[in-house]
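Chains, contacts and geometry: an overview
Read off the chains here:
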Amino acid sequence: MGRRYDVISFLSDAGTTDESVGVAKAVIREIAPHVTVIDVTHGIAPFDVRAGSLALARAVPYLPSGIVLGVVDPGAGTSRRAVAIEVAGGEGVMVGPDNGLLAPAVRLAGGGERAVVLTNPEHLLAVGGTWSGRDIFAPAAAALCNGVDLGDLGAAVDVDELVPGLVPLPRQEGERIVGEVLWVDHYGNCQLNIGEAEIAELGERVEVSAGEVLRVAALVEAFDTLGPGAVGLLVDGSGMLTLVLARRSAAEELGVVAGDAVTLGPLTDGVRTPGTTSSVQLRPR
Amino acid sequence: MGRRYDVISFLSDAGTTDESVGVAKAVIREIAPHVTVIDVTHGIAPFDVRAGSLALARAVPYLPSGIVLGVVDPGAGTSRRAVAIEVAGGEGVMVGPDNGLLAPAVRLAGGGERAVVLTNPEHLLAVGGTWSGRDIFAPAAAALCNGVDLGDLGAAVDVDELVPGLVPLPRQEGERIVGEVLWVDHYGNCQLNIGEAEIAELGERVEVSAGEVLRVAALVEAFDTLGPGAVGLLVDGSGMLTLVLARRSAAEELGVVAGDAVTLGPLTDGVRTPGTTSSVQLRPR
Amino acid sequence: MGRRYDVISFLSDAGTTDESVGVAKAVIREIAPHVTVIDVTHGIAPFDVRAGSLALARAVPYLPSGIVLGVVDPGAGTSRRAVAIEVAGGEGVMVGPDNGLLAPAVRLAGGGERAVVLTNPEHLLAVGGTWSGRDIFAPAAAALCNGVDLGDLGAAVDVDELVPGLVPLPRQEGERIVGEVLWVDHYGNCQLNIGEAEIAELGERVEVSAGEVLRVAALVEAFDTLGPGAVGLLVDGSGMLTLVLARRSAAEELGVVAGDAVTLGPLTDGVRTPGTTSSVQLRPR
């Protein structure tokens with residue numbers, strides 16, 4: 001039995017304020033000492049499967065060959081399945097709950113080719129514990145690194161029967177496009193589910209409405225080309241349109257959080273000073 | 001002088017918002033480049049020796065052989081002793097301040113067999129600094145990994161004279177058991193100092209009182225078997241009873257923090273709808 | 001092409017609540033698998049170049065030979081230069097934006113000897129992305145670890161033309177010295193830009209004024225030698241005077257944040273009970 005993989009890229013909603021993640025990494029070390037763990041993030045909001053799936057999808061193009069370990073698992077201990085999904089001819093295996101968390105990453109990696117449910121107690125620490133990261137997913141990931149065959153971890157499951165990921169699609173409404181905030185990053189930038197091509201008709205300035213806030217955003221290529229308080233739209237590191245300000249939080253400025261609707265459209269009279277973007281907010285009573 | 005240990009499991013209250021922990025790890029790297037550091041957590045509340053000792057005790061059954069480095073050290077620079085305690089025939093050494101932080105972990109590892117005070121300046125960066133993690137404990141831990149004998153770090157100290165850990169015990173009051181919240185985890189689950197056996201007589205539903213909140217909790221095996229808003233009691237990953245909700249924070253719902261008293265007892269008239277657990281809260285004026 | 005460096009010490013303001021830092025570390029792993037990344041901290045406040053430069057300067061005396069990767073880069077994507085600066089005869093290279101972030105660390109390491117702008121696309125993932133940590137700085141750092149020569153990363157730049165760091169100097173006002181809070185650490189200790197020698201004339205007790213708060217601070221060597229609520233001044237792990245309390249936050253007690261002015265002087269009648277430090281606060285109306 002050789003050492004098959006030497007990297008586990010680990011994402012969870014378990015935080016780092018207690019020992020949960022540290023203990024899962026200790027379990028990996030104990031089983032497969034040759035493995036390097038890359039912490040993708042453990043800061044996914046508790047129970048937020050969608051946010052976790054989006055973060056994994058953004059990360060996966062950059063992750064090394066090996067195991068992707070994703071644990072956002074509010075259904076731990078119930079009948080939800082724990083799975084491992086092989087992708088890219090065995091170059092990688094994604095390990096986690098079958099609740100949609102892994103689905104977008106699997107699709108980006110070319111789709112699942114083989115999958116099993118993690119039920120073989122020989123490769124788990126415990127079957128029904130509350131911290132499935134420690135008891136089920138970490139030991140299974142480590143076993144794969146040691147060269148254990150996917151098929152030894154449990155019964156095969158049809159990859160077409162795995163729970164799909166749900167990524168919201170924007171919709172066209174006349175000249176306007178209605179999307180939503182996929183992600184507010186650490187700086188307050190608001191990634192939308194809208195690509196650059198979808199606003200190609202709108203020109204260099206776009207009207208942005210989010211809740212009761214109405215603003216004009218300029219298409220820019222860098223944060224610091226914006227004046228103080230001005231809203232910009234740029235294509236972020238994942239290729240999506242993102243609402244930004246220079247050195248300030250766009251999420252605070254626009255009053256939005258992940259999941260909120262945002263509409264982009266041509267300039268209208270609703271925003272009376274399209275030349276500036278710093279002060280116009282219309283708040284209907 | 002061989003390489004004796006290759007893992008340091010590191011817990012502290014130093015956080016990761018500044019460079020303190022990074023610098024301690026740089027010190028370890030400089031002295032013992034072959035060592036892997038596992039961050040158990042650095043999110044222990046500042047100065048909270050008890051919380052640190054409980055987290056270490058929960059983690060220690062999963063940690064690899066090697067060094068356990070624990071730094072929650074409000075007495076840094078005073079006469080409190082810095083110690084290293086050998087356990088399990090030398091399979092592990094616990095390094096940290098002698099303030100009770102390490103005591104429960106030492107006991108779980110079978111008890112201290114040999115201990116020294118860390119006073120040999122040859123293996124320290126500085127003797128009386130304010131960040132003892134960097135100046136005293138990290139270099140001592142790294143020296144042990146390099147094969148330095150425990151006895152070379154300083155004078156022997158009787159293991160029976162080390163400061164003990166204080167873990168609160170629950171007490172019986174008639175049919176009721178009065179315990180306390182040991183730990184609120186990242187999800188808001190509230191671990192109690194009460195084991196399952198201690199409520200064996202109470203049946204499948206238990207009355208929970210915490211401050212002015214009175215609720216019924218069902219014994220469950222998984223979070224998601226609870227209805228929305230319902231309180232459950234499950235045996236957590238450490239074997240202790242834990243108050244939980246499905247996909248919500250039990251600590252918020254019950255208004256408790258670590259250290260608060262919680263009483264478990266048989267159902268009484270105080271909770272008038274024992275069949276449901278979602279709405280009954282009695283708040284005396 | 002040999003393996004030239006095997007450690008990258010990484011500091012940023014990118015936080016760990018999303019995948020940004022994890023992805024940058026994945027990029028390093030992909031390019032230079034032999035490298036260990038030491039996370040100095042990713043908790044620098046967003047966009048706070050000064051705070052990042054101070055944390056790097058505090059850390060750099062403890063960092064191993066190799067690469068220092070610093071990414072606090074509000075000007076990402078603009079004409080600000082991305083640079084690599086060789087120090088100490090090639091023992092180390094500091095990589096980051098040319099905005100002053102690296103300057104104090106470079107000076108502490110003996111000054112820059114050679115520098116280049118990071119423009120060679122062969123060693124970058126992308127030229128103008130928004131997350132320059134991933135696209136520019138991490139790949140350049142990894143390339144250096146693999147033995148790529150500094151000169152291969154881009155055109156040489158005069159080290160004397162790099163943006164300097166700005167560390168505020170205290171000023172004398174009669175018997176008093178006016179400084180500022182450089183850093184509030186995780187425990188609330190307030191590091192000043194004042195050294196011990198600068199208050200040598202003031203004796204063992206010093207009057208501290210910060211905003212409207214006036215207190216007496218005793219010079220101490222350890223937190224726990226202070227009584228409850230008493231303010232102390234100690235020489236911290238970086239050799240600077242630091243305002244502290246025992247097991248409490250001095251920043252909260254004094255109502256200060258990083259950048260606030262603090263004056264140290266001889267005792268005056270303004271503080272009427274110099275023997276105690278626990279209760280005197282004069283707040284003008």
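Before any of the text, the structure's been laid out above.
Here's what I pulled together on the structure shown here.

Thresholds, definitions, all that
Here the residue numbers are simple positions, counted from 1 along each chain's written sequence. Note on labels: chains are lettered from A, ligands numbered from 1, in written order. pLDDT decides what is reported in this predicted model: residues at 70 or higher carry local features, side-chain atom pairs at 80 or more are listed and counted, and totals for whole chains, interfaces and linings draw on all residues regardless. The side-chain numbers reported here are obtained from all heavy atoms of the structure, hydrogens and water having been left aside. Numbering of helices and strands starts at the N terminus; helices are DSSP runs of H or I of at least 4 residues and strands are runs of E of at least 2. Exposure classes here rest on a 1.4 Å probe applied to the protein chains alone. A residue is buried below 20% of its type maximum, exposed above 50%, and partly exposed in between. Note on definitions: a residue-residue contact is assigned when non-hydrogen atoms from the two residues lie within 4.5 Å. The charged-residue count follows a simple rule in which Lys and Arg add positive charge and Asp and Glu add negative charge, with His and chain termini not counted at all. The atom standing in for a charge is NZ when the residue is Lys, CZ when it is Arg, CG when it is Asp and CD when it is Glu. The superposition of copies rests on a least-squares fit of C-alpha positions from residues with pLDDT of 70 or more in both. Summed over both partners, the accessible area (1.4 Å probe) lost when two parts come together is defined as the buried area. Just to be clear on terms, a salt bridge is a Lys or Arg side-chain nitrogen sitting within 4 Å of an Asp or Glu carboxyl oxygen. Definition of a polar contact: a pair of N or O atoms within 3.5 Å, with one able to donate and the other able to accept a hydrogen when the atoms are protein atoms, and with sequence-neighbouring residues admitted only if both atoms are side-chain atoms. Any residue that is not Ala, Val, Leu, Ile, Met, Phe, Trp, Tyr, Cys, Pro, Asp, Glu, Lys or Arg is counted as polar, Gly included; the first ten are nonpolar and the last four charged. Every axis in this analysis is a line fitted to C-alpha atoms, fitted for helices over the stretch in contact. Angles between the N-to-C directions lie between 0 and 180 degrees. In this scheme, a crossing is called left-handed if the near helix is turned counterclockwise away from the far one by less than a right angle; it is called right-handed if the turn is clockwise. Between any two strands, at least two bridges found by DSSP are needed for them to pair. Expected helix span is given by 1.5 Å per residue-to-residue step, counting one fewer step than there are residues. Pairing of aromatic rings covers Phe, Tyr and Trp, the last through its six-membered ring, and needs centres within 6.5 Å; plane angles under 30 degrees mean stacked, over 60 mean edge-to-face, and all others mean tilted.

Our next topic: the overall build of chain A. A tally of helices and strands in chain A yields five helices and 14 strands. Over its C-alpha atoms, taken along the principal directions, chain A stretches across nearly 70 × 35 × 35 Å. Relative to its 285 residues, chain A shows a buried fraction of 60%. In chain A, the share of contacts with a sequence separation of at least 24, taken over all contacts with a separation of at least 6, comes to 69%. Separation between the mean location of the 20 positive side-chain charges and that of the 36 negative ones in chain A comes to 5 Å.

Here we take up the relation of the copies chain C and chain A. Take chain C, turn it by 120°, move it 0.0 Å along the axis, and it overlays chain A with an RMSD of 0.0 Å. Given the turn and translation reported, the copies of this chain are related as if by a three-fold rotation axis.

Bringing the interface of chain A and chain B into the picture now. Counting residues at the interface gives 26 residues for chain A and 32 residues for chain B. Together chain A and chain B conceal approximately 2300 Å² of surface at their shared face, both sides included; 58% is due to carbon and sulfur atoms. Among the residues chain A hides against chain B, the three largest losses belong to Glu19(A), Arg29(A) and Thr130(A). Together they make up 27% of the total. Counting every contact that joins chain A to chain B gives two salt bridges. Its salt-bridge partner being Arg58(B), residue Glu19(A) comes within 2.7 Å of it at the nearest N-O pair. At the surface where chain A touches chain B, the tally comes to twelve residue pairs in polar contact (both at pLDDT 80 or more). Looking at the side of chain A that touches chain B residue by residue, the classes come out as ten nonpolar, nine polar and seven charged.

Turning our attention to helix α2 (residues 49-59) of chain C. Counting buried positions over the eleven residues of α2(C) gives nine, a clear majority of the element. Listed as buried for α2(C) are Val49(C), Gly52(C), Ser53(C), Leu54(C), Ala55(C), Leu56(C), Ala57(C), Arg58(C) and Ala59(C).

What follows is about the packing of helix α1 (residues 20-31) of chain C against helix α4 (residues 132-145) of chain C. Residues and elements named next belong to chain C. Closest axis-to-axis distance for the α1/α4 pair is 9 Å, and the angle between their directions is 35°. Remark: the crossing between α1 and α4 carries right-handed chirality. Here Val 23, Ala 24, Val 27, Ile 28 and Ile 31 of α1 come into contact with α4, specifically with Gly 133, Arg 134, Ala 138, Pro 139, Ala 142 and Ala 143. In the contact of α1 with α4, the residues fall into nine nonpolar, one polar and one charged.

Taken residue by residue, the interface counts 26 residues in chain C and 32 residues in chain A. Across the chain C to chain A interface the summed buried area is about 2300 Å²; carbon plus sulfur atoms make up 58%. A per-residue breakdown of the area chain C buries against chain A is headed by Glu19(C), Arg29(C) and Thr130(C), which together make up 27% of the total. Inspection of the region where chain C meets chain A yields two salt bridges. The biggest single contributor to the side of chain C that touches chain A is α1(C), with seven residues. By residue class, the composition of the side of chain C that touches chain A is ten nonpolar, nine polar and seven charged.

The next point concerns the sheet that holds strand β2 (residues 36-41) of chain A. Residue and element names in this part refer to chain A. Within the open sheet, the six strands sit side by side as β2-β1-β3-β5-β4-β6. Their pairing is mixed. The outermost strands of the open sheet, each flanked by one partner alone, are β2 and β6 (112-117). Geometrically, the sheet is characterised by an average inter-axis angle of 20° between neighbouring strands, direction not taken into account. Looking at chain direction, strand β1 (residues 7-12) and β2 are connected through five bridges and run parallel.

The next point concerns the sheet that holds strand β2 (residues 36-41) of chain C. Residue and element names in this part refer to chain C. Reading across the sheet, the six strands line up as β2-β1-β3-β5-β4-β6 and stay open at both edges, with mixed pairing between neighbours. Only two strands of the sheet have a single neighbouring strand rather than two, namely β2 and β6 (112-117). With direction set aside, neighbouring strand axes in the sheet form an average angle of 20°. The sheet contact formed by strand β1 (residues 7-12) and strand β3 (residues 66-71) spans five bridges and is parallel. Paired with Ser 12 across the two strands is Val 71, which belongs to β3.

Below, the discussion takes up helix α4 (residues 132-145) of chain B. Its 14 residues give α4(B) an end-to-end C-alpha distance of 18 Å, which sits within 8% of 20 Å, the value for a rise of 1.5 Å per residue. Following α4(B) by one or two positions, Gly147(B) adopts a phi angle in the positive range, close to 100°.

All names here are of chain C. Structurally, Leu 226 can be placed in the loop between β11 (213-219) and β12 (231-235). Leu 226 sits in the buried class, given a relative accessible area of 10%. The spacing of Leu 226 and Arg 58 is 168 residues in sequence and 26 Å in space, taken between C-alpha atoms. Sequence-distant contacts of Leu 226, defined by excluding residues within four places in its chain, comprise Val 220, Val 231, Gly 232, Val 244, Leu 245 and Ala 246.

We now examine the packing of aromatic side chains. Applying the stated criterion to the full structure yields three aromatic pairs over all chains. Geometrically, the ring pair formed by Phe47(B) and Tyr187(C) is tilted, given 5.4 Å between the ring centres and 35° between the ring planes. Pair noted here: Phe47(B) is in the loop between β2 (36-41) and α2 (49-59) and Tyr187(C) is in the loop between β8 (176-184) and β9 (190-192), and the two residues belong to different chains. Given a relative accessible area of 15%, Tyr187(C) falls into the buried group.

Here the focus is the pairing of β11(C). In regular strands, side chains alternate between the two faces of the sheet. Residue and element names in this part refer to chain C. Most of β11 is tucked away: six of the seven residues are buried. When strand β10 (residues 205-210) meets β11, the two strands line up antiparallel, connected through six bridges. Bridging across to β11, Val 208 finds its partner in Arg 215. Where β10 folds back onto β11 in an antiparallel hairpin, the turn is made up of two residues, including Gly 211, whose phi is positive at roughly 60°. Pairing geometry for β11 and β12, over three bridges, is parallel. When the bridges of β12 are listed, Leu 219 appears paired with Leu 233.

Attention now moves to the pattern of salt bridges. Enumeration according to the criterion identifies 39 salt bridges over all chains in this entry. Two residues, Asp73(B) and Arg80(B), come together in a salt bridge whose shortest N-O distance is 2.7 Å. In terms of burial, Asp73(B) and Arg80(B) fall into one category: buried. The partner of Glu180(C) in a salt bridge is Arg50(C), with the nearest N and O atoms 2.8 Å apart. Here the residue Glu180(C) occupies a position in strand β8, and Arg50(C) occupies one in helix α2, the gap between them amounting to 130 residues. Because the salt bridges share partners, they merge into one network encompassing Glu86(A), Arg114(A) and Asp149(A).

Turning next to the pairing of strand β5 (residues 92-97) of chain C. Residue and element names in this part refer to chain C. Of all six residues in β5, six are buried; the element is thus mostly enclosed. As judged from the six bridges shared by strand β4 (residues 82-87) and β5, these two strands associate in the antiparallel manner. Each bridged residue has a counterpart across the sheet, and for Ala 84 the counterpart in β5 is Val 95. In textbook terms, the turn of a hairpin is the stretch between consecutive antiparallel strands, and for β4 and β5 this stretch comprises four residues, one of which, Ala 88, has a positive phi near 50°.

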